[in-house]
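So you can see what is in the structure, the chains are spelled out below.
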Amino acid sequence: MLKITGYADRVSVAPGGTIRFMVSCDDLPEYRAELRRIVCGDENPDGPGYRDEHIPCAAEGTYPGRRQEIHAGSYGIVPANRALAALETFTIAMMAWPTTPARSVQGLLSIRCAATGTRLALQLDGDDGLVLDLRTNDTAFRTCTGTALQRRQWTLVGVALDRAAGTVRLVQKPLHAGAGVEAIEVGESLPIGDGPMFDEGTVLFGAVHAASGLPERHYNGKIDSPRIVTGTLNAAEMRVAIESPAALGSRVAAAWDFALGIDSDHIRDRSPNRLDGHLVNLPARAVTGYRWTGEAHDWRHRPDHYGAVHFHDDDLYDAGWETDFALTVPDALPSGVYAMRCHAGEHEAFITFCVRPPRGRTTARAAFLMPTASYMAYGNNRLALDCSATEIGMGRLIELTDMHLFLQEHPEYGLSLYETHGDGSGVMYSSRLRPLVDFAPKVRNVLGGTGSGLWQFNADTHILAWLEHVDEPFDVITDEDLHAEGLALIRDYGVIVTGTHPEYYSTAMLDALQAYTDRGGRLMYLGGNGFYWRIAWHADRPGAIELRRAEDGIRPWACEPGEYHHAFTGELGGLWRRQERSPNRLVGVGMTSQGFDISSPFHRTRASHDPRAAFIFEGVDDEIVGDFGLSGGAAAGLEIDRADVELGTPPHALVLASSRCHTDVYLQTPEDMLDPTPDMSGTQSELIRADMVFFETANGGGVFSTSSIAWAGSLSHAGYDNNVARISTNVLRRFVDPAPLRARGQQAPSGG
Amino acid sequence: MTRYRISDDDLRFVEEFRRTPVGYHSPGLQRVLNVLRGGPEAGKYVLVCTKPYREWVLGQLPGERGRPVRLLRDHVFTDRREAEWAVFRLRWQEATGRALDP
């Protein structure tokens, strides 16, 4: 079981910059921290061997161990405000769409006044249904409707308090047909004295104030159009207050409109009191509200149809830990992949990050583009733990490591984009401001195939180790750098080398790479299933990405109807293939199948003997390529891509080699499976193959794609003396050479 | 139950599995494996690694976040093929009520 976990405040840092590290220790009085440059994270005794390098630095030292907690669960908060001080006789109402109504206490709205000690909470509590829970310094009052709300049904919920009469009325009325409870009246028992209930009140949405004032008892589900109105309203009047608060004139104390600022974490009150606030831990926005009719599918067209926020008790953005230590990166530290290794006895944790070259400069002809968005998408994934079908897709028993045992017992460390929340809804956000325990060397994961069993970051260290072995100097940059700086970041590199599985791409990231190859840049795509899903980065919240699993694609969950557009940007989410930006256009190939048991070799085609490809196969006489490897035992596998001119592969692209006849755990993708027939599996479908592709781009550039996640696992075979390494190195050497690549008939740019 | 149920007719695939637990399988064996390797999350057999690339113990998933994985420490494996065969036999017996010869 892991006893040390940690994260950094950034994933990429330039020389002179400072990176802060947050660490939690479980029952360890102290730990050592030291900087390591990561070369190869594979501990497989049949592999090239684990290798990192100790780099002395000022942050190296012994630090006190302490446990730092993670408080998952999203909520909205409105800071203490005097506007609620006048509340005497009033009504709270909203629309609610609960997703776990059978569970015990979940806060919808909570008002607390530290000065008077009063806390009023409107909440759900299983079979008790809607509950008013009112506490003062010396009394407690609770009443309920006694009927559970219906799951995933919009329901008007409200409470009206009349202090003078000492009565409370609860309203719980489904928007559409269904069992409702209206006007439960509780008389003469309201235990509130004469003094003001609230001197100033803090409001929470989706949680209840604990005695400490912090949020607890998180709600699962949506809330739309919460209101506070003076006077006691019946159900019909509550509906009016929700629908058109202006009709109630000056009686409106608060009228929150969650349709304002959907692309931010701000929440706005349309009443003159301006009880504005913000959301914490990234609850879902751009989700359908109770007004949604099915007519609008883009929240920007009808924001009023998207006036809901979906809260989850397992949402997490920023763990918010205290800093243990910081490192100011020395100017002389070369760009590369580094990790702060924190260790005590047998326990260790690697907090991995990139040292990029100094801003505005490159320090090598080659750059490794670290797919950190994809690391985040998979970060802390529970595919081995939550998904029974994983074993069928792996074609062998699931293997758990200490990391999995830890994740299983610590759901508060947050979910990946492959999970569903506890209420069954898909996880649309991931953040790196929390420990991502699989973003580290030595980690194994279930999707890596037979052999080493590596995935994402650790699989990418096979590429790092190869670059090191062939002694090609390279910079390291990240997805986050690419998104922020675009073409300017990469323009001057001779070649960009990808990771094994750069699946998740924002518009700005894809634009930058496309512009790079269009302008003569060279791209080595040493992976599979790249450039597949569109993602969005939050404009104001660093290290957060959003994904809408829209329409089709291989999906562990599917977006709800009407929710295909990102909240962060408004852009239509889903596959790039659906948006005239198929991966085939950039890299000549696109996702075609996946299977996580054994891989297959490539068989060369006649096109591999084309003179245009001669530099690629120099010194390679074999017709079969990659019938060995640490990722499934061969070079083509795990997730694989195919060339397809219909989908955008440039017509002049050379398909140099293809794999054949994968096992029957490989299936066609849903987007290729229009009318399912029982011949859509690995041994039977022509579409299921990895196509190794090369093509020249305009202005002397070029693209080489291996179309296989497993490729990198074959690089180190026989001490790097093999045809996979030879081909990769041939391409690398030619791509760093500035001499233009030209297809037959391609002209040199005029004037150039 | 609308799903395929394993019967004595499937005994002919047992030796094929024993020879090749991971990789290419006949359609009949693949169907048997889809049944045995699927099923509910709770109680699912998994391998828990105790020495990287060298030793595993059998475990069972709890099927609920936050609860620990159950470790069956008297089932220790030093070869993943042996583990595949052992779990195949356990599942076969649970599915059919009939034990396979070791």
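Up top you'll find the structure we're talking about.
Overview of the structure. None of these values were measured; they are calculated from a predicted model.

1. Let's talk about the overall build of chain A
The helix and strand inventory of chain A stands at 12 helices and 45 strands. For chain A, the C-alpha radius of gyration of 28 Å lies close to 27 Å, the compact-globule estimate for 752 residues. Looking at chain A residue by residue over its 752 residues, the buried ones come to 65%. In chain A, 73% of the contacts between residues at least 6 apart in sequence involve partners at least 24 apart. Of the accessible surface of chain A, which amounts to about 25,300 Å², a share of 48% is contributed by carbon and sulfur atoms.

2. Some details on the pairing of strand β45 (residues 702–705) of chain A
Residues and elements named next belong to chain A. On β45, burial covers both faces: Gly702 and Phe704 on one face and Val703 and Ser705 on the other are all buried. Bridging between strand β34 (residues 522–525) and β45 involves four bridges; their strand directions are parallel. What sits directly across from leucine 523, in β45, is valine 703. Both strand β44 (residues 691–696) and β45 contribute to a ladder of four bridges, which runs antiparallel. Of the residues in β45, the one forming a bridge with glutamate 696 is glycine 702. Hairpin connection, β44 to β45: the antiparallel pair is bridged by five residues, and asparagine 699 has positive phi, about 65 degrees.

3. A word on the sheet that holds strand β3 (residues 18–25) of chain A
Backbone hydrogen bonds are what pair the strands of a sheet, in a parallel or an antiparallel way. All names here are of chain A. If you walk across this open sheet you meet the three strands as β1-β3-β25, and the pairing is antiparallel. At either end of the open sheet lies a strand with only one pairing partner, and these are β1 (4–8) and β25 (325–328). Averaged over all adjacent pairs, the angle separating strand axes in this sheet is 25 degrees, with direction ignored. Where β1 and β3 come together, five bridges link them in antiparallel fashion. Within the sheet, the bridge partner assigned to threonine 5 lies in β3 and is serine 24.

4. Details of the nonpolar core
All names here are of chain A. In this structure, Leu400, Trp466, Ile490, Met524, Ile616, Phe704 and Trp711 are the most contacted members of the largest nonpolar core, which totals 129 residues. Here the element with the most residues in this core is helix α12 (residues 723–736); it accounts for seven residues. Beyond its immediate chain neighbours, meaning those up to four positions away, tryptophan 466 contacts Met524, Leu526, Leu715, Tyr720, Ala725, Ser728, Thr729 and Leu732. The next biggest cluster of nonpolar side chains, apart from the first, holds 44 residues, and it includes Met95, Val252, Leu433 and Trp557.

5. Considerations on the side chain of aspartate 269 of chain A
Residues and elements named next belong to chain A. Along the chain, aspartate 269 falls in strand β21 (residues 266–269). We note that aspartate 269 is buried and unpaired, the nearest opposite charge coming from arginine 274 at a distance of 6.4 Å. Within polar-contact distance, the side chain of aspartate 269 engages the backbone nitrogen of alanine 255 at 2.7 Å. Side chain to side chain, aspartate 269 and serine 271 meet in a polar contact 2.8 Å long. Beyond its immediate chain neighbours, meaning those up to four positions away, aspartate 269 contacts Ala253, Ala254, Ala255, Trp256, Arg274, Leu275 and Asp276.

6. Overview of helix α3 (residues 80–96) of chain B
The end-to-end C-alpha separation of α3 of chain B is 24 Å, in line with the 24 Å expected for 17 residues at 1.5 Å each. Among the residues of α3 of chain B, those classed as buried are Ala83, Glu84, Trp85, Ala86, Val87, Phe88, Arg91 and Trp92 of chain B. Where α3 of chain B is buried, its residues meet α4 (390–394) of chain A together with α1 (14–19), α2 (27–37), β1 (45–51), β2 (55–60) and β3 (70–77) of chain B. The backbone nitrogen of arginine 81 of chain B lies 2.7 Å from a side-chain oxygen of the residue at the head of α3 of chain B, namely aspartate 79 of chain B.

7. A short note on the interface of chain B and chain A
Chain B puts 34 residues into the contact, and the matching count from chain A is 44 residues. When the two sides are added together, the surface that chain B and chain A hide from each other amounts to roughly 2,900 Å², 55% of it contributed by carbon and sulfur. Interface area lost by chain B to chain A is led by Tyr24, Tyr53 and Arg65 of chain B, which between them contribute 30%. One can count six salt bridges joining chain B with chain A. Here glutamate 391 of chain A makes a salt bridge to lysine 44 of chain B, at a shortest N to O gap of 3.4 Å. The tally of links between chain B and chain A comes to 22 residue pairs in polar contact (both at pLDDT 80 or more).

Parameters at a glance
Within each chain, residue numbers correspond to sequence positions counted from 1 in written order. Key to labels: chains lettered from A, ligands numbered from 1, both in the order written. For a predicted model such as this one, the threshold for reporting local features is a pLDDT of at least 70, and the threshold for listing and counting side-chain atom pairs is 80 or more; totals across whole chains, interfaces and linings nevertheless cover every residue. Calculated side-chain values reflect all of the structure's heavy atoms, with hydrogen atoms and water omitted. Numbered from the N terminus, helices here are DSSP runs of H or I no shorter than four residues, and strands are runs of E no shorter than two. Between the two quantities, the radius of gyration covers C-alpha atoms and the globule rule is 2.2 Å times the number of residues to the power 0.38. Accessibility here uses a 1.4 Å probe with only protein chains present; expressed as a share of the type maximum, an area under 20% marks a residue as buried, one over 50% as exposed, and anything in between as partly exposed. Throughout, a residue-residue contact means that at least one pair of heavy atoms, one from each residue, lies within 4.5 Å. Throughout, the Shrake-Rupley method with a 1.4 Å probe supplies accessible areas, and for residues the shown protein chains are the sole cover considered. Pairing between two strands is assigned when DSSP locates at least 2 bridges connecting them. Here an axis means a line fitted to C-alpha atoms, over the contact stretch when the element is a helix, while the angle between two N-to-C directions is reported on a 0 to 180 degree scale. Definition used in this section: a nonpolar core is a set of buried Ala, Val, Leu, Ile, Met, Phe, Trp, Tyr and Cys residues joined via side-chain atoms within 4.5 Å. Note that His is not counted, nor are the chain ends; the positive residues are Lys and Arg, and the negative ones are Asp and Glu. For this document, the term salt bridge refers to a Lys or Arg side-chain nitrogen within 4 Å of an Asp or Glu carboxyl oxygen. Residues adjacent in sequence count toward polar contacts only when both atoms are side-chain atoms; beyond that, a polar contact is any pair of N or O atoms within 3.5 Å, and within protein one must be able to donate a hydrogen and the other to accept it. In this analysis, the expected span of each helix is defined as 1.5 Å times one less than the number of residues it contains. By buried area we mean how much accessible surface two parts lose on assembly, using a 1.4 Å probe and totalling the loss over both.

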